[in-house]
Amino acid sequence: MIENAEELWQRCRRLKKEEEEEDRETGLYYQRLGYMLEHCAENDREIRGLLEDQQGMINALCMSKREFMDILSIHVSCHM
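So, a few notes on the structure that sits alongside this text. (Residues numbered from 1 in each chain as written. Predicted model: local features only at pLDDT ≥ 70, side-chain atom pairs only at ≥ 80, totals over all residues. Heavy atoms only, no water.)

### Some remarks on the pattern of salt bridges
For side chains bearing opposite charge, pairing can occur when the charged atoms are close.
Alright, step 1. Applying the stated rule across the entire model yields six salt bridges.
Alright, step 2. Across the pair K16 and E20 runs a salt bridge whose closest N-O atoms are separated by 3.8 Å. Here the residue K16 and the residue E20 both occupy positions in helix 1 (residues 2-38), the gap between them amounting to four residues, near one helical turn.
Alright, step 3. Taking the relative accessible area as the measure of exposure, E20 reaches 45% and is therefore partly exposed.
Alright, step 4. E21 is the partner of R24 in a salt bridge, and the nearest nitrogen-oxygen pair spans 2.8 Å. One end of the pair is R24 and the other is E21, both in helix 1 and three residues apart, which spans about a single turn.
Alright, step 5. Assessed through its relative accessible area of 34%, E21 is described here as partly exposed.
Alright, step 6. It is possible to trace a salt-bridge network through shared partners that takes in E19, E22, D23 and K65. (Salt bridge = Lys/Arg side-chain N within 4 Å of Asp/Glu carboxyl O. Helix = DSSP H or I, 4+ residues; strand = E, 2+ residues; numbered from the N terminus. Buried < 20%, exposed > 50% of the residue type's maximum accessible area, 1.4 Å probe, protein only.)

Written out as structure tokens, the structure is:
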């Protein structure tokens, strides 16, 4: 049982590290989109629309991920 607990702990740490890296990469991508949007010509509405769509998708993804993580943490705490 102790081995399983240690394996589970290590797996959780590894997943947390992967999630942190994914969050960092998502943040950098969002910043790049902001930079591109800032430097996009006002009259290029199609490109601006695509960049804004990308930002919206990232926001939706992040919100869904936060909701999932909240549900997961509640579930895990209930079973410990």
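What follows continues from the structure just given.
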